[in-house]
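In case you want the letters, here they are:
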Amino acid sequence: MNDQLTGQLCSRWMIPAYALDCLWVTTETDAVRVEGAKGEFTLTAPAEVLTVRWGSADGAPLTQLRWQVDTLDWDGSVRIGGFIDAMHITEIAALPAPIVVLTVGGQPLRPGVKPYPALSDRKRAPYAPPSFSEGIDEEIDESVTTWIAFEEDAALTLAQDALVSKLRVYLFGRLAEHKQGWHEHFALPVALEGMTIFAP
């Protein structure tokens, strides 16, 4: 697959069975559903950045990835910037603790956006604070994603503040693994892993 049109989403990570028919890759010229556990796809024109979407060609964007030959090396991560529109808490018999579902209206984060300088950035001082507007792709229409966390998750305190005060957020997570069983209860089961909250 050593060309600029044919590739696959994943290399080490496997797409969960519940998501096999739900993932699309879109560019400025293409919209194709990926196939198989590694997410094979073929474009009609080269693209530098690809958007992974859920459900359909115009479904919710989950993340943006830079083109790489052979594989985009996606690990199921979901990266969105936007606003928390609703919080719902519930108990599900199969789960060990109450869970919270966040409904978020937002747009995908651009490739390479980080919530803080990482170890690899140590020699790139001075460090710039994250900029909400520079981090999101405003050319993509806002859409809704759902994020799931257990009630004791520390990020939910930030989420409540963001909801009440209408603050902008970055959310980081990944598609829930099949064995977790969240797909049996939620249309789009994204496990929340981190959150950045921005001042008004």
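Scroll up to find the structure this text is about.
Below or above, wherever it landed, is the structure these notes cover.

1. Looking at the sheet that holds strand β7 (residues 70-71)
Pairing in this open sheet of three strands is mixed, and the strands run β4-β1-β7 from one edge to the other. Looking at the sheet topology across the chains shown, the edges are occupied by β4 (40-42) and β7. Bridge count between strand β1 (residues 6-8) and β7: two bridges; the pairing is parallel. Looking across to β7, one finds that Q8 is bridged to T71.

2. Some words on the state of the cysteines
Throughout the structure, instances matching the rule amount to zero disulfides. Free of any disulfide, C10 has its nearest cysteine sulfur in C22, 14 Å distant. For C10, a relative accessible area of 0% corresponds to the buried category.

3. So, the environment of T27
Note on placement: T27 falls in the loop between β2 (23-26) and β3 (31-33). T27 sits 155 residues away from W182 along the chain, and the two C-alpha atoms are 29 Å apart. With sequence-adjacent residues up to four places away left out, T27 is seen in contact with L43, A47, V49 and L50.

4. Some thoughts on the sheet that holds strand β5 (residues 49-54)
Read across the open sheet, the four strands follow the order β3-β2-β5-β6; overall the sheet is antiparallel. Edge positions in the sheet fall to β3 and β6 (60-66), since each has one partner strand and no second. For this sheet the average axis-to-axis angle between neighbouring strands, irrespective of direction, equals 25 degrees. Bridge count for β2 against β3 is three bridges, and the pairing is antiparallel. From the neighbouring strand, W24 faces β3, where its bridge partner is R33.

5. Observations concerning the pattern of salt bridges
One pass over the structure, following the stated rule, counts three salt bridges. Here D75 ties to R174 by a salt bridge, and the two come within 3.5 Å at their closest N and O atoms. In this pair, D75 is assigned in the loop between β7 and β8 (77-90) and R174 in strand β11 (residues 168-175), connecting sequence segments 99 residues apart. What makes D75 partly exposed here is its relative accessible area of 32%. On the basis of relative accessibility, which here comes to 25%, the residue R174 falls in the partly exposed class. The closest approach of N and O atoms between E193 and R174, which form a salt bridge, is 2.9 Å. Of this pair, E193 sits in strand β12 (residues 190-197) while R174 sits in strand β11, and the two are 19 residues apart along the sequence. Three or more residues are tied together by salt bridges with common partners; here these are D75, R174 and E193.

6. Comments concerning the packing of aromatic side chains
Tallying each qualifying case throughout the model produces eight aromatic pairs. Here the aromatic rings of Y18 and W54 are separated by 6.3 Å at their centres, their planes lie at 55 degrees, and the arrangement is tilted. Linking Y18 in the loop between β1 and β2 with W54 in strand β5, this pair joins segments that are 36 residues apart in sequence. Note on accessibility: Y18 and W54 belong to one class, buried. On the numbers, 6.4 Å between centres and 85 degrees between planes, the contact of Y170 with F172 is edge-to-face.

Each value, and the rule that gives it
Residues numbered from 1 in each chain as written. Predicted model: local features only at pLDDT ≥ 70, side-chain atom pairs only at ≥ 80, totals over all residues. Heavy atoms only, no water. Pairing = 2+ DSSP bridges. Helix = DSSP H or I, 4+ residues; strand = E, 2+ residues; numbered from the N terminus. Disulfide = S-S within 2.5 Å. Buried < 20%, exposed > 50% of the residue type's maximum accessible area, 1.4 Å probe, protein only. Contact = heavy atoms within 4.5 Å. Axes fitted to C-alpha atoms, helices over the stretch in contact; angles between N-to-C directions. Salt bridge = Lys/Arg side-chain N within 4 Å of Asp/Glu carboxyl O. Phe/Tyr/Trp six-rings, centres within 6.5 Å; stacked < 30°, edge-to-face > 60°.

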